[in-house]
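Reading the structure
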Amino acid sequence: MKDKNIHIIHQYLNREIDIEEVKRKLSEEEFQAWKSTLEEVEDLPKPDFDVEQEFERLQQKKTISKNKSEFPFLKIAAVLIVLLSTSLFILTYNGTDQDMTSITSSVAKEDFIKLPDDSQVRLNAMSNIAFNQDNWEDERIVALKGEAYFDVEEGKTFTVETPNGRVQVLGTTFNVASRNSRFSVTCYTGKVKVNFSDREVVLEPGQSIDNAKQKIRLVNTAKPNWIMKRSSFESAPLAEVIADIEKQKNIKIKLKLSDSINFTGAYNHDMEAEDIIDLVCRSLDLNYKKLNSSTFEISSAKD
Amino acid sequence: MKEKKSHPDVCNEIVYKKLFYNIGEQLFQFLFLKYQNTEIAREGMQEAFITLWKNCKKVPEAKAKNYVFTVGRNRVVDILRKKNKHLSITNEDFLNEDKTEEVSDQKKQKMNYILSIMPEASKEAFLMNRVQGLKYKEIAEELEISVKAVEKRISIALQTIRKEIEK
């Protein structure tokens, strides 16, 4: 189709002239011929767009992408991780004390437990706590393997025993976890006394300590990330991140990497497993394959 | 005062957020019109902004808009390739899905149809002008073609629209 006047339309689209000028330059007939086309191109379809919702979605994906060192990770996980082999621990508590109440949460599931004095425990996935119900009045002691968030009623000293450290409190909320080879405790309200590696530290609300850095740092979340259905990592070995994803999503991930890589970032537990893996891989420049509905394989980008 | 008084770059959360609020929807609309699929458009838009975030030090604020559009355009190509490979979803599936679900009124449907039959190169130049708001010269630079070639591509786009409307 030839149209010798199309350059006038181009001038209009290029914002050199306005519609009035287009009208002047074209004959009435020519203008009418272009009129509805111009109306269309000025009013192209717009799909619905909720800018706040989209920005929030972006923020979530953003935090999971690799954080550069100049962006200190603000939402630090409130975690206590204990340094001993966990199997040994189960043996100690479940093997010797026959009358202990033992509760184990399964993979990809969190449990909510009420203790005899109405203190509450939120048990993270793949965790176990044990306590003596009969003796509770005299001694509030809980043995923990895995990770748990405690909301303790006021009363006698409340103790969380773990093979590598002991946490003692009066009424308070705090988080204790016992996984892999790291150890940290965070206090949310009240005061928490932590004993580990021959040290005794008293934590105030908002303070956290771990055995890797051995010094108190501040956290700015009101509750641990996993209670907010979120996992976050700060220069954590990829294997640890993978283990967490496996646990939360009940999937298997095979790591085929020669080098060890650290990951900094976070993901929300309600994300699809594949999306989480995709984001982790993308941020670290790795590839992944979905082997079947619950098995993934992560490899370096070159393969 | 320890802080250096320099121009805030895109790494600044406020600058970044403002950018998203200003151009996020535009990019989304651009990708939607190009592919007639909201999921693909959303994914491409999100990834473009994440890439911007990762490279926020290297991208000056003034260039951020064209940067996310370029990244978004390229990323969608990858996304489609990946999706086609893994899920064997074709472009046509997307088209059919969205036409009925998301574009309700007739006029919008018509325009979406026109865009779906428009030659890719023409559609791209046309949307860069109409949605991204670039002048012909800027499109020429971006696509590394001549201004004449841009005119030609947009002419085809306009004629496609006109022909279809007159039908």
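One can find the structure itself at the top, above this paragraph.
Only a predicted model underlies this, so the values are computations on that prediction, with no experimental measurement involved.

1. Examining helix H2 (residues 38–54) of chain B
Helix length check: H2(B) (17 residues) gives 24 Å between terminal C-alpha atoms against 24 Å at 1.5 Å per residue, within 8%. Within H2(B), 13 of the 17 residues are buried, leaving the element largely enclosed by the surrounding structure.

2. Quick notes on the nonpolar core
Core analysis: the biggest nonpolar cluster contains 49 residues, and B:Leu27, B:Leu31, B:Phe49, B:Leu52 and B:Val68 have the highest contact counts within it. Dropping the residues within four chain positions of it, B:Phe49 is found in contact with A:Leu58, B:Phe20, B:Gly24 and B:Val68. Core analysis: the second largest hydrophobic core is formed by 28 residues, A:Phe131, A:Val152, A:Val160 and A:Val169 among them.

3. So, helix H5 (residues 106–117) of chain B
Residues and elements named next belong to chain B. The end-to-end C-alpha distance of H5 is 17 Å, a good match for the 16 Å that twelve residues give at a rise of 1.5 Å each. Within the span of H5, buried status applies to Met111, Asn112 and Leu115. All buried residues of H5 fall inside an arc of 100° around its axis, so they share one side. Structural note: H5 exposes Gln106 and Ile117 on the side pointing more than 90 degrees away from its buried face.

4. Describing the sheet that holds strand E18 (residues 295–300) of chain A
All names here are of chain A. Taken in spatial order, the three strands line up as E15-E18-E17 in an open sheet, and their pairing is mixed. Both edges of this open sheet fall to strand E15 (252–256) and strand E17 (286–292), since each of them pairs with a single strand only. Ignoring which end each strand starts from, the neighbouring axes of this sheet average 20° apart. In terms of strand pairing, E15 meets E18 through five bridges, oriented parallel.

5. What about the pairing of strand E11 (residues 199–203) of chain A?
All names here are of chain A. Relative to E11, strand E10 (residues 192–196) runs antiparallel, the two being bridged by five bridges. Bridge pairing in E11 links Val194 to Val201. Connecting E10 to the antiparallel partner E11 that follows it, the hairpin turn spans two residues, and Ser197 within it adopts a positive phi of roughly 45°.

Conventions used here
Every chain is numbered on its own, with residues counted from 1 as its sequence reads. Starting at A for chains and at 1 for ligands, labels are handed out in the order in which the entities are written. Thresholds applied to this predicted model are a pLDDT of at least 70 for local features of residues and 80 or more for the giving and counting of side-chain atom pairs; totals over whole chains, interfaces and linings are not thresholded and use all residues. Under the DSSP-based scheme used, a helix requires at least four consecutive residues in state H or I and a strand at least two consecutive residues in state E, with every element numbered from the N terminus. Expected span of a helix: the number of residues minus one, times 1.5 Å. A residue is called partly exposed when the number of other C-beta atoms within 10 Å of its own lies between 12 and 20, exposed at 12 or fewer, and buried at 20 or more, with C-beta atoms placed from the backbone. We call a set of buried Ala, Val, Leu, Ile, Met, Phe, Trp, Tyr and Cys residues a nonpolar core when their C-beta atoms link them within 7 Å. Residues are treated as contacting if the C-beta atoms built from their backbones sit within 7 Å of each other. Arc definition: directions from the helix axis to the C-beta atoms. Strand pairing follows a simple DSSP-based rule, namely that at least 2 bridges must link the two strands. Lines fitted to C-alpha atoms define the axes here, with helix axes fitted over just the stretch in contact, and angles between the N-to-C directions of these axes take values from 0 to 180 degrees.

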